[in-house]
Amino acid sequence: MAFFRSHIVKVPLLLLIVTGITFFAWPREDRKQTSESVSVWLMGLRADTDNPEVQNKIHSLRGEQGDIPGLLRKASAIVGEHQDDFTLPVDEGSATNDDIYNTLLLKWTLYQQEALADTVMIVDRQVQVPPASEKEDKTLWSQVSSTVQFVVGAYSRLSDAIDYIRMILRPLSGGISINAP
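Residues numbered from 1 in each chain as written. Predicted model: local features only at pLDDT ≥ 70, side-chain atom pairs only at ≥ 80, totals over all residues. Heavy atoms only, no water.

Q: Just to check I follow, could you spell out the overall build of the protein chain for this structure?
A: When you go through the protein chain residue by residue, the secondary structure sums to 7 helices and 0 strands. For the protein chain, the sequential pattern of α-helices and β-strands runs α-α-α-α-α-α-α. Contacts in the protein chain between residues far apart in sequence, at least 24 positions, make up 59% of those at least 6 positions apart. Put simply, the protein chain shows about 14,900 Å² of open surface, and 61% of that area lies on carbon and sulfur atoms. (Helix = DSSP H or I, 4+ residues; strand = E, 2+ residues; numbered from the N terminus. Contact = heavy atoms within 4.5 Å. Areas by Shrake-Rupley, 256 points an atom, 1.4 Å probe, with all protein chains shown as cover.)

Shown next as structure tokens:
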């Protein structure tokens, strides 16, 4: 019995930790969409040249998984290898991967801000004020009685919550042991 008592908290806690790690490590669909959106955006940054090697590298970027900085690092490596195929404001001869990465990061941020600005916000307006229902009683007596009912209901729910907390804090105090000495 002591074995079960010592593991009452450990087993659910271990399951909770394993579940959290699984949710964190599980590949999600938005990561896939992120890599696709970065590759489409990078295709838009190309010059008018039709270099199939660059297109293949960009299409391979579409299958990558990861966050935006990692994808932009990979994209900066592609741009660094083929600087003449892209229209970026960097020095073609002396640009390092960090310069290209910073430029791509800046351009990606501006691209995302433009995409958010282009979205249309639709706000539903209420055409008219809904009519008050005839069943509402606005007298002083009805308001006092509804307030008293609310307070009594809150008190009963509060006492139930206190009893539940007490039960949780002392889970095995009222039980009977089978093999007690």
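Q: It is not clear to me how the pattern of salt bridges should be interpreted in this structure. Could you clarify?
A: Proximity of charged atoms lets side chains of opposite charge pair with each other. Considering all chains together, one arrives at 4 salt bridges under this definition. Note that glutamate 81 and lysine 57 form a salt bridge whose closest N and O atoms lie 2.3 Å from each other. A residue pair is termed long-range when its members are at least 10 positions apart, and glutamate 81 in helix H5 (residues 68-81) and lysine 57 in helix H4 (residues 52-62) qualify at 24 residues. For lysine 57, a relative accessible area of 24% gives the class partly exposed. In this structure, the salt-bridge partner of lysine 74 is glutamate 64, at a minimum N-O distance of 2.7 Å. Here glutamate 64 lies in the loop between H4 and H5 and lysine 74 lies in helix H5, a separation of 10 residues in the sequence. (Salt bridge = Lys/Arg side-chain N within 4 Å of Asp/Glu carboxyl O. Buried < 20%, exposed > 50% of the residue type's maximum accessible area, 1.4 Å probe, protein only.)

Q: How do you make sense of the side chain of threonine 103 when you look at a structure like this?
A: Mapped onto the elements of the fold, threonine 103 is located in helix H6 (residues 97-118). Within the structure, threonine 103 has its side chain in polar contact with the backbone oxygen of aspartate 99 (distance 2.8 Å). When sequence neighbours within four positions are dropped, the list of residues in contact with threonine 103 reads Leu88, Pro89 and Val90. (Polar contact = N/O pair within 3.5 Å; in protein donor to acceptor, adjacent residues only side chain to side chain.)

Q: Explain the packing of aromatic side chains to me, please; I cannot follow it from the model alone.
A: Within a pair of aromatic rings, the relevant descriptors are the distance that separates the centres and the angle that separates the planes. Enumeration according to the criterion identifies 3 aromatic pairs in this entry. Where tryptophan 41 meets tryptophan 108, the ring centres are 5.3 Å apart and the plane angle is 75°; that geometry is what we call edge-to-face. With tryptophan 41 in helix H3 (residues 29-44) and tryptophan 108 in helix H6, this residue pair connects regions lying 67 residues apart in the sequence. With a centroid separation of 5.6 Å and an interplanar angle of 35°, the aromatic rings of tryptophan 108 and tyrosine 111 are classed as tilted. Of this pair, tryptophan 108 and tyrosine 111 both sit in helix H6, 3 residues apart, which is roughly one turn of that helix. The class of tyrosine 111 is partly exposed, set by a relative accessible area of 36%. The aromatic ring of tyrosine 101 is capped on one face by arginine 73, whose charged end is 3.8 Å from the ring centroid. (Phe/Tyr/Trp six-rings, centres within 6.5 Å; stacked < 30°, edge-to-face > 60°. Lys NZ or Arg CZ within 6 Å of the ring centre and 35° of its normal.)

Q: Explain the confidence of the model for the protein chain to me, please; I cannot follow it from the model alone.
A: Reading predicted coordinates in detail is not appropriate for stretches of low pLDDT. A residue-level look at the protein chain finds 75% of positions with pLDDT of 70 or above and a mean pLDDT of 77. Ranking the elements of the protein chain by mean pLDDT puts helix H1 (residues 2-7) last with 68 and H5 first with 86. (pLDDT = per-residue confidence, 0-100.)

Q: Which parts of the structure should I look at to understand the nonpolar core?
A: Soluble, globular proteins show a tendency: their nonpolar side chains are buried together. Leu42, Leu45, Leu72, Val79, Phe86, Leu88 and Leu104 are the most contacted members of the largest nonpolar core, which has 20 residues in total. At the level of secondary structure, the elements contributing two or more residues to this core comprise H3, H4, H5 and H6. The dominant element in this core, judged by the number of residues it contributes, is H5, at 5 residues. Beyond its immediate chain neighbours, meaning those up to four positions away, leucine 45 contacts Phe86, Thr87, Leu88, Leu104 and Lys107. (Core = buried A, V, L, I, M, F, W, Y, C linked by side-chain atoms within 4.5 Å.)

Q: I tried to follow the packing of H4 against H5 on my own but got confused; where do I start?
A: When two helices pack together, their arrangement is captured by the angle between the axes and the distance separating the axes. Relative to each other, H4 and H5 sit at 175°, their axes nearing to 11 Å. One finds that H4 runs roughly antiparallel with respect to H5. Facing H4, whose interface residues are Lys57, Ile58 and Leu61, H5 presents Leu71, Lys74, Ala75, Ile78 and Glu81. Grouping the amino acids of the contact of H4 with H5 by side-chain chemistry returns 5 nonpolar, no polar and 3 charged. (Axes fitted to C-alpha atoms, helices over the stretch in contact; angles between N-to-C directions. Parallel < 35°, antiparallel > 145°, perpendicular 65-115°, else oblique. Nonpolar A, V, L, I, M, F, W, Y, C, P; charged D, E, K, R; others polar.)

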